[in-house]
Amino acid sequence: LEQKLTSILRVMEQNGIKIDKPYFEKLGSEMAKEIKQTEEKVYKRANKEFNISSTQQLSVVLFEDLGISPRRLKKTPKGVISTASPELEKIQHEHPIVKSILIYRELKKLYTTYVKPLPTMADENDRLHTHFDQLGAATGRISSSDPNLQNIPNQGEWGKRIRKGFIAEKGFQLVSFDYSQIELRIASHMSGDKKMKEFFDAGADIHQMTAAEVFSIDKSEVTDQMRFRAKALNFGVLYGMGARGFALSAGIPIGEAEDFIENYFVRFPQIHEYMENMKEFAREHGYVETMFGRKRYIPEIGSTTPQLRAAAERMAINHPIQGSAADIMKMAMVSVGEKIGV
């Protein structure tokens, strides 16, 4: 499979993808203006100017000048209160400055990572040539670098606007193909969970049906919030997410998260069984594998360090699912490549 894919990726790299340089120039000007305005908003809320990118200065403004409580935040290895974005998200409702800082960081990141550098990296035909590493991730997923074109955000206004700067050559079209809920489908197949398979066979909205099951209500009664929680857990389960992680992603108290997970496994017992079986298999054999035999060795599964062992258990649950999805995607790429004569 990997040998067949190599030549296809090589053609993709050589062809590249066209960008609209004038569009990026205009977008860059608008973004720079937005960054400046957000910066001014931060200064106004801090009652002074400071270097927002300096963690030290930011820490002083947030926890000393403005008196925001850091009790829920993690500390760095040096014992300093962390001002990393995932930590600031926990306190974003405690003062309006925090939300402004998060917006400022996101804008700066998009501006310096994509909007400014991408036009300078394009060739004389305005085409970008990324490098695809077909074994860049342990799961077998393809990764992209120089530039990385795989992690341009799809959510949010600015991410969508950046994506609009990628265009088709004259006489061509850009089309998108997607496997609907591929990892959840693989999870239901590998675990053999009857209920989940029934939902997929019926073409139902898997997150709505999961919410209806867990809350023991009719699907017509499922609210958007209920569906959101079910979706967070459906995907969280694939990554071995615990109650704490689920509580954070769904924005609910930890007690509620624990009850939700318990109900989930009562309704989908074979999913839970699959998770336990994978952990046991990894402990016994030292590896797990995809449906097609792509192995991932996990020596940390026997570690006496709880954090290492927990991370290894998450890998044991996730690799067969995510890795199988990567294998299927690669098979499809090879098949399409053969059909169009690449």
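Sequence order as written defines residue numbering, which begins from 1 separately in each chain. Where totals are concerned, whole chains, interfaces and linings use all residues; where local detail is concerned, this predicted model gives features only for residues with pLDDT of at least 70, and gives and counts side-chain atom pairs only at 80 or more. Where side-chain values are given, they derive from all heavy atoms of the structure, hydrogens and water being excluded.

As a further point, take the packing of aromatic side chains. Centres within 6.5 Å are what make two rings of Phe, Tyr or Trp a pair, Trp counting through its six-membered ring; a difference in plane orientation under 30 degrees is then read as stacked, over 60 as edge-to-face, and the rest as tilted. In this structure the tally under the stated criterion is 10 aromatic pairs. Ring geometry for Phe 246 and Phe 260: centres 5.3 Å apart, planes at 40°, overall tilted. Linking Phe 246 in helix α12 (residues 243-250) with Phe 260 in helix α13 (residues 254-267), this pair joins segments that are 14 residues apart in sequence. Relative accessibility thresholds used throughout: buried, under 20% of the residue-type maximum; exposed, over 50%; partly exposed, between the two (1.4 Å probe, protein chains only). Phe 246 sits in the buried class, given a relative accessible area of 0%. Among the aromatic side chains, those forming a connected cluster through ring pairs are Phe 199, Tyr 264, Phe 265 and Phe 268. Throughout this description, the term charge over a ring refers to an Arg CZ or Lys NZ atom that lies within 6 Å of the ring centre and within 35 degrees of the ring normal. The residue whose ring lies beneath Lys 295 is Tyr 287, and the NZ or CZ to ring-centre distance is 4.5 Å. The helix and strand labels rest on DSSP assignments: H or I over at least four residues marks a helix, E over at least two residues marks a strand, and numbering proceeds from the N terminus.

Another aspect to go through is helix α2 (residues 21-46). With 26 residues, α2 ought to run about 38 Å at 1.5 Å a step, and its terminal C-alpha atoms sit 37 Å apart, in line with that. The set of residues buried in α2 consists of Phe 24, Leu 27, Gly 28, Met 31, Ile 35, Thr 38, Glu 39, Val 42, Tyr 43 and Ala 46. Where α2 is buried, its residues touch β1 (17-19), α3 (55-65), α5 (96-115), α6 (117-121), α7 (157-163) and β5 (166-167). A positive backbone phi angle near 60° is found at Asn 47, which sits one or two residues after α2. A helix is expected to reach a length of 1.5 Å times the quantity of its residues less one. In what follows, residue pairs with any heavy atoms lying within 4.5 Å of each other are defined as contacts.

Glancing now at the sheet that holds β1. Here, any two strands with at least 2 DSSP bridges between them count as paired. With antiparallel pairing, 3 strands are arranged side by side in an open sheet as β2-β1-β5. Two strands bound the open sheet, and with one partner strand each, they are β2 (127-128) and β5. Bridge count for β1 against β5 is 2 bridges, and the pairing is antiparallel. Bridging from a neighbouring strand, Lys 18 pairs with Ile 167 of β5.

What follows covers the confidence of the model for the protein chain. Chain-level statistics for the protein chain give a pLDDT mean of 91 and a share of 100% at 70 or above. Put simply, α12 is where the protein chain has its lowest mean pLDDT, 79, and strand β6 (residues 287-289) is where it has its highest, 97. A residue's pLDDT is simply how confident the predictor is in it, with values from 0 to 100.

Glancing now at the side chain of Ser 59. With respect to the helices, strands and loops of the structure, Ser 59 is situated in helix α3. For Ser 59, a relative accessible area of 14% puts it in the buried group.

Below, the discussion takes up the nonpolar core. Put simply, buried Ala, Val, Leu, Ile, Met, Phe, Trp, Tyr and Cys residues joined by side-chain atoms within 4.5 Å make one nonpolar core. The biggest cluster of nonpolar side chains holds 42 residues, and the ones touching the most others in it are Phe 246, Tyr 264 and Ile 271. Contributing elements (two or more residues each) for this core: α8 (182-191), α9 (194-201), α10 (206-214), α11 (224-238), α12, α13, α14 (269-285) and α15 (306-339). Not counting residues up to four positions away in its chain, the partners in contact with Phe 246 are Arg 229, Ala 232, Leu 233, Met 241, Gly 251, Ile 252, Ala 257, Phe 260 and Ile 261. Listed in part, the 35 residues of the second largest apolar core include Met 31, Ile 52, Phe 63 and Tyr 111.

The N-to-C vectors of α13 and α14 enclose an angle of 100°; their axes lie 4 Å apart at closest approach. Judged on the interaxial angle alone, α14 and α13 are roughly perpendicular. Taken together, the residues of α14 that come into contact with α13 (itself represented by Tyr 264, Phe 265, Val 266 and Arg 267) are Pro 269, Ile 271, His 272 and Met 275. Polar here means any residue outside two lists: the nonpolar Ala, Val, Leu, Ile, Met, Phe, Trp, Tyr, Cys and Pro, and the charged Asp, Glu, Lys and Arg; Gly therefore counts as polar. Of the residues that constitute the contact of α13 with α14, the class distribution is 6 nonpolar, 1 polar and 1 charged. In this analysis an axis means a line fitted to C-alpha atoms, helices contributing only their contacting stretch, and an angle means the value between N-to-C directions, from 0 to 180 degrees. Any angle that is under 35 degrees is reported as roughly parallel, and any over 145 degrees as roughly antiparallel; angles of 65 to 115 degrees are reported as roughly perpendicular and all others as oblique.

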